[in-house]
Amino acid sequence: MDLNELMIERRKKLENLKEAGIEPYSNDFIRTHSIAEVLGNFEELEAEEKEVKIAGRVMALRDHGKSSFADLVDLSEKIQLYAKKNEVGEKAYDLFTDLNIGDHIGVEGTLFETGRGEITLRIKEFKLLTKSLRPLPEKWHGLKDVELRYRQRYVDLIVNPDVKQTFILRSRIIHGMRQYLEQKDFLEVQTPLMHPIAGGAAANPFITHHNALDIDLYLRIAPELYLKRLLVGGFEKVFEIGKNMRNEGLSRRHNPEFTTLELYQAYADYEDIMNTTEELIKTVAKNVLDDLEIKYNDHEINLNNWTRMTMIEAVKEHVGVDFNNVSNLDEAKSLADEKHLDYESKTSIGEIINEFFEEFVEEKLIQPTFITQYPVEVSPLAKRNPDNPAFTDRFELFIAGDEIANAFSELNDPIDQKERFEQQVEQREAGDDEAHMMDQDFIRALEYGMPPAGGLGIGVDRLVMLLTSSESIREVILFPHLRSENQ
RNA sequence: GGGCCAUUAGCUCAGCUGGUAGAGCACCUGACUUUUAAUCAGGGUGUCGGAGGUUCGACUCCUCCAUGGCUCACCA
């Protein structure tokens, strides 16, 4: 890689330091305080003239001749440093003024307040901990180029404090989910990422190869079928937080690898799960934001108000088309024609209702809304509604027009499940490469008897987007997928 | 994959109807012992994303390519 003048300059300094016998990457400095601790205990530390040792990255230098100021930043906070030539000695002072923005140093000294009231550390001694060889982006405007921000997230994190905050919140959101579920006696498990059969969702898998076994494997598109096997095995409440990989297009809402929470609870149904979902999200939001009213894009979203309606009700309300009165496919098709809805590959009323919903309704669901009773044709793993077997006891949660969660009473009838797999296989053979594959072992597991259960999947990235007001999934994934850089 | 837009110094950005580039920050040198977007004096560090083409002459116009953004398609 080419070196520009700024990098050459810094490498020269590095050589000079080495020649002077100074280790530019020493690792024997032990801090006594974080910067936040120093600031928080300022009065006491100042009164005692206590010598504190802190470490961090130099983010600004203001040289005044025989004295100098610098800003030092660690994860916790920022503090101003003050070095006087006659106090630290000429040699050390020259070293100090020769630092670059971006260097890591450890400093020891006492605290005082400047005339303008800024808490400042008066340096007694300091030590270079890491020489930085590349210039950082501009202090005032930061790093804006989104491509650079994603490719060099480390730089983004150094100079854009909001970005760091987003990922701290992400961690707290996931921690909050885990805490909530553990409190409810859910067991956290890890199931395979490499599947001989890709199942649990309608999606294109990535394919990889195991050399020793000489078999192709699929990177998982969902953990669902493994988690349900655990219900067969006798675990009653299980969950997994982890990555799924889907070989699909990228967008504001889609990254090829993304994180989900999936949970399964024996002897519960989708209504129990609906309550759990609502409580889980409220609890997490409250813990993380301390507020259930959030701003997302141009929307004011109130997490206190949750609506529930069936898909047919939602279509009726938002499109004015009532599928309660539709009894055959031709009627459904003519309704679709009226609304200029494309149903080319759709062969059932259920699929057409779902098209209506996805095309006209989803984007209008701004406040938290559970949509229930999904057509059986688009729900191959969900249990039928006992009163209306054309629909399933399933819900999806929409907030700000985005699907946040998907859940249902789990299909545990092995014969029904086998038939639905067979239908999926037919669709697959007809060219739908996202239809389910047959999973014989899963059927075998169901034949041993899976207790009735409710299951839930939450798109963790999308929830994090919502709770951090991030408009792109790439803002909540540390290293989002990009094309390879031409090196 | 389609459409639209963008790509100029390490970063943030100017650059007119075509006359081969500028500012601020950063960096270097000097001055300055409480500054804080420090200030003052001096220094421009560049394959104008890449490759062709038009032209006397291209950052500027055209074509192709690369990367990114938005959007459509795709996507429980």
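Please refer to the structure higher up on the page.
Described in the following lines is the structure provided in the data block. (Residues numbered from 1 in each chain as written. Chains lettered and ligands numbered in written order. Predicted model: local features only at pLDDT ≥ 70, side-chain atom pairs only at ≥ 80, totals over all residues. Heavy atoms only, no water.)

**A few points about the overall build of chain A**
Step number 1: Counting its secondary structure elements, chain A contains 16 helices and 18 strands.
Step number 2: Taking 2.2 N^0.38 as the reference for a compact globule, 487 residues should give roughly 23 Å; the C-alpha atoms of chain A span a radius of gyration of 29 Å, well beyond that estimate.
Step number 3: On the principal axes, the C-alpha backbone points of chain A span a range of 90 × 55 × 50 Å.
Step number 4: In chain A, the proportion of contacts linking residues at least 24 apart, taken out of those at least 6 apart, comes to 64%.
Step number 5: Accessible surface, chain A as shown: approximately 25100 Å² in total, 46% of it carbon and sulfur.
Step number 6: Looking at charge distribution, chain A has the averaged site of its 58 positive side-chain charges lying 7 Å from that of its 91 negative ones. (Helix = DSSP H or I, 4+ residues; strand = E, 2+ residues; numbered from the N terminus. Rg over C-alpha atoms; globule rule 2.2 N^0.38 Å. Contact = heavy atoms within 4.5 Å. Areas by Shrake-Rupley, 256 points an atom, 1.4 Å probe, with all protein chains shown as cover. Lys, Arg positive; Asp, Glu negative; His and termini not counted. Charge placed at Lys NZ, Arg CZ, Asp CG, Glu CD.)

**Here's the deal with the packing of helix α11 (residues 311-319) against helix α13 (residues 349-361)**
Step number 1: Running from N to C, α11 and α13 point in directions that differ by 50 degrees, and their axes come no closer than 10 Å. Comparing the axis directions of α11 and α13 gives the class oblique. Both α11 and α13 take part in a crossing whose hand is left-handed. Contacts from Met-311, Ile-312, Ala-314, Val-315, His-318 and Val-319 in α11 reach Ile-353, Asn-354, Phe-356, Phe-357, Phe-360 and Val-361 in α13.
Step number 2: Along the lines of polarity and charge, the residues of the contact of α11 with α13 split into ten nonpolar, two polar and no charged. (Axes fitted to C-alpha atoms, helices over the stretch in contact; angles between N-to-C directions. Parallel < 35°, antiparallel > 145°, perpendicular 65-115°, else oblique. Left-handed = near helix turned anticlockwise from the far one by under 90°. Nonpolar A, V, L, I, M, F, W, Y, C, P; charged D, E, K, R; others polar.)

**Quick notes on the side chain of Arg-57**
Step number 1: Note on placement: Arg-57 falls in strand β1 (residues 52-63).
Step number 2: Although buried, Arg-57 forms no salt bridge, and the nearest oppositely charged side chain, Asp-103, lies 7.1 Å from it.
Step number 3: Within the local environment of Arg-57, its side chain forms a polar contact with the backbone oxygen of Gly-102, the two atoms lying 2.9 Å apart.
Step number 4: Every residue in contact with Arg-57, bar those within four places of it in the chain, is listed here: Asp-71, Leu-72, Val-73, Gly-102, Asp-103, His-104, Leu-136 and Ile-158. (Buried < 20%, exposed > 50% of the residue type's maximum accessible area, 1.4 Å probe, protein only. Salt bridge = Lys/Arg side-chain N within 4 Å of Asp/Glu carboxyl O. Polar contact = N/O pair within 3.5 Å; in protein donor to acceptor, adjacent residues only side chain to side chain.)

**Description of empty space enclosed by the protein**
Step number 1: Under the counting rule described, the total for this entry stands at two cavities of 30 Å³ or more.
Step number 2: Its volume calculated, the largest cavity comes out at about 40 Å³.
Step number 3: The wall of the largest cavity is formed by Tyr-296, Ile-399, Ala-400, Asp-402, Ile-404, Arg-462, Met-465 and Leu-466.
Step number 4: When residues of the lining of the largest cavity are traced back to their parent elements, those giving at least two are β17 (402-409) and α16 (460-468).
Step number 5: A per-class count over the lining of the largest cavity returns six nonpolar, no polar and two charged.
Step number 6: Around the second largest cavity, the lining residues are Ala-198, Ala-201, Ala-203, Pro-205, Ile-221, Arg-428, Asp-433, Glu-434, Ala-435, His-436 and Met-437.
Step number 7: Looking at the lining of the second largest cavity, its residues break down into seven nonpolar, one polar and three charged. (1 Å grid on protein atoms, 1.4 Å probe; cavity = no way out; pocket = protein on both sides within 12 Å on 5 of 7 lines; lining within 4 Å. Points joined across faces, edges and corners; volume = space filled by probe spheres on them.)

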